[in-house]
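A structural walkthrough
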Amino acid sequence: AEVLGSAPRMMCYMVSTRQNQVMAIDGEGQFLWRSDESFGLFHPSRFHANQDTLWLTDTGNDRILAINTDTYQIMCEWGDHLLTLSQPRSAVPTSKGHLLIADEGSQRLVLANSLGSFLWEYTTPYEIMSPLYAEETPRKTFLFCDAALHMVYEIDPSSKEVLWSYGSLLIA
């Protein structure tokens with residue numbers, strides 16, 4: 001769940017992978033909105049909420065949706081027609097207004113501009129296999145977690161150098 005604001009004027013957004021829905025609940029627990037079949041969601045994974053946009057990763061459809069938080073209409077869609085994505089797991093806006101995407105199926109991080117154009121990618125073998133989440137830090141570096149490697153990494157986006165890591169490679 002993602003929460004915006006504080007009680008009683010807060011909004012809570014939730015993803016249901018079982019029902020293939022996104023929901024909005026107010027500070028008193030009342031349902032305000034649920035996505036319907038027109039969204040065509042299939043295994044929605046995660047979203048990032050800000051004041052006017054929900055960035056939703058629709059993992060099963062290999063796409064990312066930008067949903068207006070006032071009208072709950074789809075404003076934009078990124079997928080095969082703009083970016084070739086394979087099971088995106090998270091999409092988080094950066095301080096420059098770009099979108100940092102953890103693209104699990106392609107084993108990479110992708111940075112795209114607001115029009116969905118490709119700007120940058122990180123695909124270093126043995127350092128990224130199954131990225132689940134990525135975000136920009138206050139230092140303008142990128143922090144991401146990798147489920148398959150059981151690791152968290154901080155990388156410099158310009159040099160692609162690993163600045164910090166935590167975890168241990170667990171090989172079954």
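In what follows, the accompanying structure is described. (Residues numbered from 1 in each chain as written. Predicted model: local features only at pLDDT ≥ 70, side-chain atom pairs only at ≥ 80, totals over all residues. Heavy atoms only, no water.)

Attention now moves to the environment of Asn-20. Within the secondary structure layout, Asn-20 lies in the loop between strand 2 (11-16) and strand 3 (21-26). The exposure class of Asn-20 is partly exposed, given its relative accessible area of 24%. Along the primary structure Asn-20 and Tyr-72 are separated by 52 residues, whereas in three dimensions their C-alpha atoms are 16 Å apart. Excluding its chain neighbours within four sequence positions, the residues that come into contact with Asn-20 are Ser-35, Leu-41, Phe-42, His-43 and Pro-44. Reaching out from Asn-20, the side chain makes a polar contact with the backbone nitrogen of His-43 at a distance of 2.8 Å. (Helix = DSSP H or I, 4+ residues; strand = E, 2+ residues; numbered from the N terminus. Buried < 20%, exposed > 50% of the residue type's maximum accessible area, 1.4 Å probe, protein only. Contact = heavy atoms within 4.5 Å. Polar contact = N/O pair within 3.5 Å; in protein donor to acceptor, adjacent residues only side chain to side chain.)

With that settled, consider the sheet that holds strand 8 (residues 74-78). Spatially, 4 strands are ordered 5-6-7-8 in an open sheet, and the strand pairing comes out antiparallel. The open sheet has two edge strands with one neighbour each: strand 5 (44-49) and strand 8. Averaged over neighbouring strand pairs, the angle between their axes works out to 20° when direction is ignored. Summarising the sheet, strand 6 (residues 53-58) and strand 7 (residues 63-68) pair through 6 bridges and their orientation is antiparallel. The residue bridging Thr-53 from the neighbouring strand is Asn-68, located in strand 7. (Pairing = 2+ DSSP bridges. Axes fitted to C-alpha atoms, helices over the stretch in contact; angles between N-to-C directions.)

Scanning the model with the defined rule gives 8 aromatic pairs in all. Look at Tyr-13 and Phe-47: their rings are 6.3 Å apart centre to centre, the planes differ by 90°, and that puts the pair in the edge-to-face class. Placement of the pair is Tyr-13 in strand 2 and Phe-47 in strand 5, with a sequence separation of 34 residues. There is no split in this pair, since Tyr-13 and Phe-47 are both buried. For the ring pair Trp-33 and Tyr-72, a centre distance of 4.4 Å and an interplane angle of 10° mean the geometry is stacked. Of this pair, Trp-33 sits in strand 4 (residues 31-34) while Tyr-72 sits in the loop between strand 7 and strand 8; the two residues are 39 residues apart in sequence, bridging distant segments of the chain. (Phe/Tyr/Trp six-rings, centres within 6.5 Å; stacked < 30°, edge-to-face > 60°.)

Function-wise, these values are silent; they only describe arrangement.
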